Amino acid sequence: MTIKNNQDIVNSTNKSLTRFSSSVTSRGLELAKKVSKFTGDNQQESSLSSESLNFEYFLNLATEQISASNYQEALFNLQQSLTLNPDCYNAYIIRSYLIYAPLGCFDEAISDYTQALRLNPKHVELLTNRGWAYYQTGNYILSLQDYDMALTIDPKYEQGYMNRGVSHMACSDYRKAIDDFQQVADINPSNSDAHNNKGLSLLYLKKYKLALDSLTKSININPENIHAYLNRGLCYIFLGKELLSAENFSCAIKINLDFTKTYLKQYGESIFSDAVLVLVNSGIAFHEKHEYLKAIEFYSYALSLEPLCEDAYYKRGIAHLQTEDFDEALSDLDQVLLINPQNTDAYISKGTIEYKKGDLNESIKEYNYAIEIDPCCELALLKRGMTKSAIGDKLGAVDDYDKIIEIDTKNYVYYFLRGKIHLELNYEFLWAEDTIKGFVLEGDEHMNSGNYIEAIECFNNALEIDGNNAEVYNRRSTSRSAIGDYEGALEDLQKAKMG
């Protein structure tokens, strides 16, 4: 398999990353719990000013509405709280953490983060979350500035390095991204995602072997890291190691099929098709080793990604045929014909299955369909001829062999088969003619490949049927000369002249 290039991967960087914000919802809920719960009979009510009482009331009410997913009402009450107290830090935090960020309203979240930072300018998590929101809106430079500030305040802040690495990747600055992900790994060696993202950055730099080291570390830490399996599968594609690539894609499929399809498709149709292809090719590799169940497994993985993959259905059907699971084989071949009604191989294979099942008339029907599509289909004509012979239609079989020989006059097998039918019909002269022709063609084939001993044996067989055939003596003379039997060669030439 040839991969064109990896430009599709590079162009989709910001779509394929493992993204990490702070734990938005859980952090927001934690802060929400700190908001004083207002009750009408609170004994401290008299100590609160009317203004303070009202903004806390709206803040508390909004928190309860968020818990019930009544976001519109919550937004209204949070705005009421902020109208009464524009410096209500918790209102900005709750609105950004619990509503805007989770709902993807990143411009609004940025505005609230900015207000909160006005009140608490050295809050590392706020800076990191605003940087993440900037990233989501495509403002990678602003996101990097926020991460830089957060890491200046706390040089050991793991999440800041992770997020900054992601933004560096979005800017195609993979070397800086690698440095940041390594910082995360140094701080927390068990962070599987840091190793994955480092591996992905190395992949973009075409440093595939180094990428594999990082991705393997990621998987060793977390055997369920689907990103790492997919990225490692891509690395192996570029290294031309199809089976290893297929094994990683199959692991990803088992973890989450839908995610795997989405992830691969975002790289473009070329990469997605290559992923399907390596799964099919791996199935073929196992098929060739007669490991049919393993082959079926990989064909099935390919079909889970691409349900209209004609080749995977056909090959899985043949693998089922090899295991004599005829019902599954027929089901797969029917799927092939739904996708491509002109697939003669599918009809021929169905004919073979019906033959093995003992339904020879049904077998002939399938071969007929193939021949209707391609009247010169040698395999269909051959199998139909053999099946006709098996049901006693000898003349029909001869007719099919006649057609095959018209298509390929050099295939000695066809002459032997037709000769056998002629003998069964007691047409001895025709049997002799076909059989001699078959031995001559087989002998010629051996001569052309330098197998002169085998060629001589074929010519001997022909001469047993017709001891006066000058053409055969000439051929045997040539073969004998080639092995140094000059006396025998001269003798054959003399017999050829007499014949």
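Residues numbered from 1 in each chain as written. Predicted model: local features only at pLDDT ≥ 70, side-chain atom pairs only at ≥ 80, totals over all residues. Heavy atoms only, no water.

### A closer look at the overall build of the protein chain
Inference 1: The helix and strand tally for the protein chain stands at 29 helices and zero strands.
Inference 2: For the protein chain, buried positions account for 49% of its 499 residues.
Inference 3: Pairs at least 24 apart in sequence give 53% of the contacts found in the protein chain among residues at least 6 apart.
Inference 4: Accessible area of the protein chain: about 23900 Å², with a carbon and sulfur share of 49%. (Helix = DSSP H or I, 4+ residues; strand = E, 2+ residues; numbered from the N terminus. Buried < 20%, exposed > 50% of the residue type's maximum accessible area, 1.4 Å probe, protein only. Contact = heavy atoms within 4.5 Å. Areas by Shrake-Rupley, 256 points an atom, 1.4 Å probe, with all protein chains shown as cover.)

### Structural notes on helix 16 (residues 257–265)
Inference 1: Taken together, the buried positions of helix 16 are Thr260, Tyr263 and Leu264. Down the axis of helix 16, the sector holding all buried residues measures 90°, keeping them to one side. Across helix 16 from its buried face, at more than 90 degrees, point the exposed residues Asp258 and Thr262.
Inference 2: The opening residue of helix 16 is Asn256, an N-cap whose side-chain oxygen sits 3.2 Å from the backbone nitrogen of Asp258. (Arc of directions from axis to C-beta. Polar contact = N/O pair within 3.5 Å; in protein donor to acceptor, adjacent residues only side chain to side chain.)

### Section: helix 6 (residues 89–103)
Inference 1: With 15 residues, helix 6 extends 20 Å between its outermost C-alpha atoms, agreeing within 8% with the 21 Å of an ideal straight helix rising 1.5 Å per residue.
Inference 2: By the largest-angle criterion, Ser96 marks the main kink of helix 6, which is about 40°.
Inference 3: Burial runs high along helix 6: 11 of the 15 residues are buried.
Inference 4: Among all positions of helix 6, only Ala91, Tyr92, Ile93, Ile94, Arg95, Ser96, Tyr97, Leu98, Ile99, Tyr100 and Ala101 are buried. (Expected span 1.5 Å × (residues − 1). Bend = angle between axes of the 7 residues up to and from the residue.)

### Examining the nonpolar core
Inference 1: Counting 121 residues, the largest nonpolar core has Leu78, Leu203, Phe249, Leu264 and Leu279 as its most contacted members.
Inference 2: Excluding residues that lie within four positions of it along the chain, Leu264 makes contacts with Leu230, Leu234, Phe249, Ile271, Phe272, Ala275 and Leu305.
Inference 3: Counting residues in hydrophobic clusters, the runner-up holds 11 residues, among them Ile436, Phe439, Val440 and Val472. (Core = buried A, V, L, I, M, F, W, Y, C linked by side-chain atoms within 4.5 Å.)

### Let's talk about a nonpolar patch on the surface
Inference 1: A cluster of nonpolar side chains, Leu395, Tyr427, Phe429 and Leu430, forms an exposed patch at the surface whose accessible area comes to about 430 Å².
Inference 2: The topology assignment puts Leu395 in helix 24 (residues 394–407).
Inference 3: By relative accessible area, which is 57% here, Leu395 ends up exposed. (Patch = residues over 30% accessible without salt bridge, like charges linked within 9 Å, V, L, I, M, F, W, Y side chains within 5 Å. Salt bridge = Lys/Arg side-chain N within 4 Å of Asp/Glu carboxyl O.)

### Observations concerning the pattern of salt bridges
Inference 1: Counting across every chain of the model gives 26 salt bridges.
Inference 2: The shortest N-O distance in the salt bridge between Arg130 and Asp146 comes to 2.7 Å. With Arg130 in helix 8 (residues 124–136) and Asp146 in helix 9 (residues 140–153), this pair connects stretches of sequence that are 16 residues apart. Across the pair, Asp146 and Arg130 agree in class, each one buried.

### What about the packing of helix 10 (residues 158–170) against helix 12 (residues 192–204)?
Inference 1: The N-to-C vectors of helix 10 and helix 12 enclose an angle of 20°; their axes lie 11 Å apart at closest approach. In terms of their interaxial angle, helix 10 and helix 12 are classed as roughly parallel. When you trace helix 10 past helix 12, the crossing you get is left-handed. Contacts from Met162, Val166 and Met169 of helix 10 reach helix 12 at Asp193, Ala194, Asn197, Leu200, Ser201 and Tyr204. (Axes fitted to C-alpha atoms, helices over the stretch in contact; angles between N-to-C directions. Parallel < 35°, antiparallel > 145°, perpendicular 65-115°, else oblique. Left-handed = near helix turned anticlockwise from the far one by under 90°.)

### Observations regarding the environment of Ser67
Inference 1: Take Ser67: it is sitting in helix 4 (residues 50–67).
Inference 2: What makes Ser67 exposed here is its relative accessible area of 58%.
Inference 3: Spatially, the C-alpha atom of Ser67 lies 9.4 Å from that of Leu98, the residues being 31 residues apart in sequence.

### Side note on the environment of Asn468
Inference 1: Mapped onto the elements, Asn468 comes out in the loop between helix 27 (452–465) and helix 28 (470–482).
Inference 2: Note on Asn468: relative accessible area 60%, which makes it exposed.
Inference 3: Residues Asn468 and Met498 lie 30 residues apart in sequence; the distance between their C-alpha atoms is 8.1 Å.

### A word on unusual backbone geometry
Inference 1: With phi around 65°, Ser69 is a residue other than glycine that occupies positive phi space.
Inference 2: You will see that Asn426, though not glycine, has its phi angle at about 65°, which is positive.
Inference 3: Following the sequence through the fold, Asn426 ends up in the loop between helix 25 (412–424) and helix 26 (428–448).
Inference 4: With a relative accessible area of 63%, Asn426 lands in the exposed category.

### Here's the deal with the packing of helix 13 (residues 208–221) against helix 14 (residues 226–238)
Inference 1: Between helix 13 and helix 14, whose axes approach to 9 Å, the crossing angle comes to 155°. Judged by the angle between their axes, helix 13 and helix 14 are roughly antiparallel. For the pair helix 13 and helix 14, the crossing hand works out as left-handed. From helix 13, Tyr208, Ala211, Leu212, Leu215, Thr216, Ser218 and Ile219 reach across to helix 14, where they touch Ala228, Tyr229, Asn231, Arg232, Cys235, Tyr236 and Phe238.
Inference 2: Here the residues of the contact of helix 13 with helix 14 sort into 10 nonpolar, three polar and one charged. (Nonpolar A, V, L, I, M, F, W, Y, C, P; charged D, E, K, R; others polar.)

### Structural notes on the side chain of Ser479
Inference 1: Inspection of the secondary structure assignment puts Ser479 in helix 28.
Inference 2: A residue is classified by how much of its surface remains accessible, and Ser479, at 0% relative accessible area, is buried.
Inference 3: Dropping the residues within four chain positions of it, Ser479 is found in contact with Met447, Tyr452, Ala455, Ile456 and Phe459.

### Comments concerning the confidence of the model for the protein chain
Inference 1: Here the protein chain shows a mean pLDDT of 90. Residues at 70 or above account for 89%.
Inference 2: Taken as a whole, residues 1–29 scores under 50 in pLDDT and shows 81 contacts with residues more than four places along the chain or in a different chain.
Inference 3: Considering only residues more than four positions removed or in separate chains, one finds that residues 31–52, a stretch of pLDDT under 50, has 20 contacts. (pLDDT = per-residue confidence, 0-100.)

### Focus: the environment of Asn60
Inference 1: Along the chain, the position of Asn60 falls in helix 4.
Inference 2: Overall, Asn60 belongs to the buried group, its relative accessible area being 11%.
Inference 3: For the pair Asn60 and Asn77, spaced 17 residues apart in sequence, the C-alpha to C-alpha distance is 8.9 Å.

### What about the packing of aromatic side chains?
Inference 1: If you walk through the whole model with that rule in mind, you get 13 aromatic pairs.
Inference 2: Relative to Tyr369, the ring of Tyr347 has its centre 5.3 Å away and its plane inclined at 45°; by these criteria the two rings are tilted. Of this pair, Tyr347 sits in helix 21 (residues 344–357) while Tyr369 is found in helix 22 (residues 360–373), placing the two residues 22 residues apart along the sequence.
Inference 3: Using a relative accessible area of 15% as the deciding quantity, one classes Tyr347 as buried.
Inference 4: Centre to centre, the rings of Phe416 and Phe439 are 5.0 Å apart; their planes meet at 65°, and the pair counts as edge-to-face. On the criterion of sequence distance, the pair formed by Phe416 in helix 25 and Phe439 in helix 26 is long-range, its members being 23 residues apart.
Inference 5: Residue classification places Phe416 among the partly exposed positions, given a relative accessible area of 24%. (Phe/Tyr/Trp six-rings, centres within 6.5 Å; stacked < 30°, edge-to-face > 60°.)

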